[in-house]
Amino acid sequence: MSTLFNDDVLIYGDYARIIKKLSATSDQDSEEWKVSNGIDSAVAQKPFGTYIDCLYAGAAIGLAKNAKIKQTDFSAIEKKSKASILSSAWRPRSKDFTYLYRLMLLTDPELELCKDERVKKAFTDVPESVTDIEFNYFLSYAYGGLVEVEKMFDKVHDYKEFSDLISTIVLEYQGNED
Amino acid sequence: MKIKTIELSNFRQFEKEKLVFTDVVGKKVTIVHGQTHIGKTTLVKAFLWCLYRSDDSFKTDPILVNKDAEKFMSPGDKKTVSVTVELEHNGFGYVIKTEQAFTYFRNLNEGYFSPVIKDPIRHMIKMTQEGNPTSVPLEQVDNEINEILPDNLRCYFFYDGENNKIDDVAEKSNLQDAVRNIMNLNVREELIKYFSDGVAGRLVERFEDKKSTSNFEEVGNLKEQKSYFEGLIETERNNNKQLRQNIEELNGQITNLEDQIDANKESAELQEKARQITRQIAELKKHRDDLFPSLLKRCDSSESVGLAGFFSVLAYKKANLTVEYANIKTNERAYKHLTGESVDEIIQKGVCVCGQKIELGGDYYKHLIEEKDYLSPKDFSASLKSFTDRFNDQVDAVDSSAYQLSRDAADLKKTIQSIESFGKQLEDINKKLEGFHGDIGAWQRDLQQKKYTKSGNEAVINYSESNIIPQNETKISGFKEKIDKYSDASEKNRHIQMYLNYLSSVRDMAQTRLDKKKEGIAVTLEQQVNNLFHAIVGTDKTELRLNKVNYNVEPYQNDQRISLSTGQKTMKNLAFVGGLIYLAKNKDKIGGAEGVDLDEPDDYPLVMDAPFSYLSKGDIKRACTELPKYCSQLIITLLDKDFDLAIDVLKPFIDKSYTLKTNETSTDSHFEEDEL
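Residues numbered from 1 in each chain as written. Chains lettered and ligands numbered in written order. Predicted model: local features only at pLDDT ≥ 70, side-chain atom pairs only at ≥ 80, totals over all residues.

## Some words on the interface of chain A and chain B
Here is step 1 of the chain: Across the contact, 36 residues belong to chain A and 39 residues belong to chain B.
Here is step 2 of the chain: Listing elements by their share of the side of chain A that touches chain B, those giving two or more residues are helix 2 (51–65), helix 4 (94–107), helix 5 (115–122) and helix 7 (159–175) of chain A.
Here is step 3 of the chain: Looking at the side of chain A that touches chain B element by element, the count peaks at ten residues for helix 7 of chain A.
Here is step 4 of the chain: Looking at the side of chain A that touches chain B residue by residue, the classes come out as 21 nonpolar, nine polar and six charged. (Contact = placed C-beta atoms within 7 Å. Helix = DSSP H or I, 4+ residues; strand = E, 2+ residues; numbered from the N terminus. Nonpolar A, V, L, I, M, F, W, Y, C, P; charged D, E, K, R; others polar.)

Shown next as structure tokens:
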């Protein structure tokens, strides 16, 4: 089991592997996502800059695709580390994460709250008032999203497949237009 | 010079007298003898007065007019004194007449008559060689006299022995001049100067003036420059020759290449096509390789949209929040102007604005607390609106990005397909070209390069032949012109220098001859003076040594300088004068002759006034024996006592002899020719 990054941020298992694979954050045991130009050569590529960008994309994709993992999948150590993830991962992208978190609170079907309560919760100061349960909910979306991201890029082995992936993403987005 | 006659008119004691001098070969002596103070010296002075218009002795008694004539003159009367000498010199006959007018008047203050003396006037008639008389202009008379007998020689040839005024002619300071004049040394030296450097107006200077100012060094520089530019042209021509050879070679290579390319035209077209496709593939690959990372980069969540932006907007859209939470937005409470803090104040007061009493935990209380959540600062409907507004803004950005991404993805795909397609075409062409190994492109490039080189070479030749060579030729022509000009000048200078060198050698030669002449003169003069002296003295005990610079003669016996008696001095003088006459007569034989007029012998008469006054009888006899050997004409005045001694010896040489006698009726004198 590999651990990610530093003492404050601890992500374990496959999710750490995915982030290492797709983000440029340096780590010695990272996997390479190789993509060929189709004819001449294959080169290692990284779609995301930092692990936070990767995690953030995972969160957005998880929400959009409703691809959260079960909370029971979190190990005891992971649960302990949530605070450090919040404090470290949240901080540099707090505004973006806050919006996603609010969106999750306003939309997650499994959250047993009425609309007024959802609104009240979403727009009360976060993340200070976030409870373990609510954070676990968000992290399960983020991790679920990472799995989706990996699926997307695992299909891509050359530039052509990459252009197909982009076209697919765009089509998926445009297909949901109002 | 030979004196033929002298005629005296009113001159001192001579009222009207004429003497004719000897003109017979072998009898060259004329004697005039008489008592003392009757006119012997006056006769000699008359010669000098006629020739030179002056004599020192006349200064104390300037009235030359005949005393008897003077006696009969009345105030206002005029008497003219004249002396006429007829002589011959170098084949020309001369008649020289000097006259002086004396006009008498009564001197009231002094109480006696005195004459007004006018300057003597000298006339000269020169007989041409044909015998025609020509009057010599007055201003030319001095020159003519000087030609006949220079003034400074007169004391030697008109010798005053009686008064012994020339007590030692052999030691006079003007001896040097005398010898120089007789032997024309001055003229020779002047001529030498004419050939010497640094003397204004001389021949050398005139040649020097004609020298061109240009110099050889300048010509040398010009030649160097000309040679340099000739070298440039030579180099240019060689270069052009080489370039032409190169062009010839290139022409051959170009033809070969063109043939080669033409023969492989089809392959050439295929290769060209392949090249084009290769270029296109390269461009496409570059585009692909630029596009992919840019597209990949836009997936990153740190970008303005990124995958996170895409999917968060997608999630937002799916949630359809506007519809879901419409109620919250529409059921906004009415307490628009109240804030949460206002509600807290109402609760604290316990009475609502409507007057209802508020109890803690009561219905009104709960109602107010519930309402407070919808009031500022916790107006969740406003927050929700702000939240959805933000997402709506992001929707626009993502829409735009979606379009861009879609287009770029399609571009990437199309690019990759094009690369594949061109790759196949290239493969087909290469199959067709299989077995053909020539590189037509390289051939064409080579052909172009060769054509370019050829054209470059042609341009260089053209520029060289139309500019560089003509320009340098013009320069060379200019240099040549100058060189020719300066060379002419140099040639002229060379000739002038030759003339100058010649002049220099002429001068050296003339100087050598002059030195030889001087040496000859000194030797001859010394020898002749000694010969004559010893002959007159009758012994050779005393040696007369000649100073070769000033020609003074000094007596020595046994190498000791000695003093001479008056008689010995007279004999020394006679010997010296004899020596001078010898020099004049033998100019052409002494020290070499130039073969010019300078060496034309002169024959001077010797007019001697009482020369034997201080001599013994023996001396007189010896003198009379020797002197006629030296001169062509000897006119001697003698005291009667000396005449008696000399006559025996002189008789064979005497042509004429005159006795000077006083007139019976006056103080005048007259001459009577003796019967010999």
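## Description of the packing of helix 18 (residues 617–630) of chain B against helix 19 (residues 640–650) of chain B
Working note: a packed helix pair is described by the angle between its axes plus the distance between those axes.
Residue and element names in this part refer to chain B.
Here is step 1 of the chain: Relative orientation of the contacting elements helix 18 and helix 19 amounts to 40°, with a least axis distance of 9 Å. Classified by the interaxial angle, the pair formed by helix 18 and helix 19 is oblique. Classified by chirality, the crossing of helix 19 by helix 18 is right-handed. Listed contacts from helix 19 to K617, I620, K621, C624 and T625 of helix 18 are D642, L645, A646, V649 and L650. (Axes fitted to C-alpha atoms, helices over the stretch in contact; angles between N-to-C directions. Parallel < 35°, antiparallel > 145°, perpendicular 65-115°, else oblique. Left-handed = near helix turned anticlockwise from the far one by under 90°.)

## Observations regarding the nonpolar core
Residue and element names in this part refer to chain B.
Here is step 1 of the chain: Formed by 88 residues in total, the largest nonpolar core has its most connected members in F47 and L606.
Here is step 2 of the chain: Top element by residues in this core is helix 17 (residues 566–585). It accounts for ten residues.
Here is step 3 of the chain: Excluding residues within four positions of it along the chain, F47 makes contact with I6, V85, F158 and V607. (Core = buried A, V, L, I, M, F, W, Y, C linked by C-beta atoms within 7 Å. Buried ≥ 20, exposed ≤ 12 C-beta atoms within 10 Å, placed from the backbone.)

## Things to note about the confidence of the model for chain B
Residue and element names in this part refer to chain B.
Here is step 1 of the chain: Per-residue confidence for chain B averages 85 on the pLDDT scale, and 92% of its residues sit at or above 70.
Here is step 2 of the chain: Looking over chain B, one finds the lowest element-wise mean pLDDT in helix 12 (residues 326–330), namely 57, and the highest in strand 1 (residues 2–11), namely 94.
Here is step 3 of the chain: Interface confidence in the predicted complex, given as ipTM, is 0.90; pTM for the same model is 0.49. (pLDDT = per-residue confidence, 0-100.)

## Observations regarding the pairing of strand 13 (residues 605–609) of chain B
All names here are of chain B.
Here is step 1 of the chain: Burial runs high along strand 13: five of the five residues are buried.
Here is step 2 of the chain: Across the two faces of strand 13 the burial is the same, with P605, V607 and D609 and L606 and M608 all buried.
Here is step 3 of the chain: Pairing of strand 9 (residues 158–160) with strand 13, which is carried by three bridges, proceeds in the parallel orientation. What sits directly across from F158, in strand 13, is V607.
Here is step 4 of the chain: Handedness of the β-α-β unit built from strand 13, helix 18 and strand 14 (residues 633–639) comes out right-handed. (Pairing = 2+ DSSP bridges. Right-handed = clockwise from strand over helix to strand, strands pointing away.)

## Thoughts on the sheet that holds strand 16 (residues 669–673) of chain B
All names here are of chain B.
Here is step 1 of the chain: Taken in spatial order, the six strands of this open sheet run 9-13-14-3-15-16, and their pairing is mixed. Edge positions in the sheet fall to strand 9 and strand 16, since each of these pairs with one other strand and no more. Recorded for the sheet is a direction-independent mean angle of 20° between the axes of neighbouring strands.
Here is step 2 of the chain: Note: strand 3 (residues 29–34) against strand 15 (residues 654–662), six bridges, orientation parallel. Residue pairing across strands places T30 opposite K656, the latter belonging to strand 15.

## Here's the deal with the sheet that holds strand 10 (residues 543–546) of chain B
Think of a sheet as strands paired side by side through backbone hydrogen bonds, with each pair either parallel or antiparallel.
All names here are of chain B.
Here is step 1 of the chain: With respect to topology, three strands assemble into an open sheet ordered 10-11-12, the strand pairing being antiparallel. Each end of this open sheet is capped by a strand with a single partner; those strands are strand 10 and strand 12 (560–561).
Here is step 2 of the chain: The pairing of strand 10 with strand 11 (residues 553–557) spans four bridges and is classified as antiparallel. Of the residues in strand 11, the one forming a bridge with L544 is P555.
Here is step 3 of the chain: The strands touched by helix 16 (residues 440–537) are strand 10 and strand 11; relative to strand 10, the strand with the most contacts, the crossing angle is about 160°.

## Some thoughts on the environment of A67 of chain A
Residue and element names in this part refer to chain A.
Here is step 1 of the chain: With respect to the helices and strands, A67 occurs in the loop between helix 2 and helix 3 (76–90).
Here is step 2 of the chain: Classification of A67 as buried rests on a count of 20 C-beta atoms within 10 Å.
Here is step 3 of the chain: As a C-alpha pair, A67 and Y143 span 76 residues in sequence and 8.4 Å in three-dimensional space.
Here is step 4 of the chain: Apart from residues lying up to four places away in sequence, A67 is in contact with I61, G62, G144, G145, V147 and E148.

## Considering the environment of L525 of chain B
Residues and elements named next belong to chain B.
Here is step 1 of the chain: The topology assignment puts L525 in helix 16.
Here is step 2 of the chain: When the C-alpha positions of L525 and F576 are compared, they lie 8.0 Å apart, and in sequence the two are 51 residues distant.
Here is step 3 of the chain: Among all residues touching L525, those that are not within four sequence positions of it are L546, Y551, G579 and L583.

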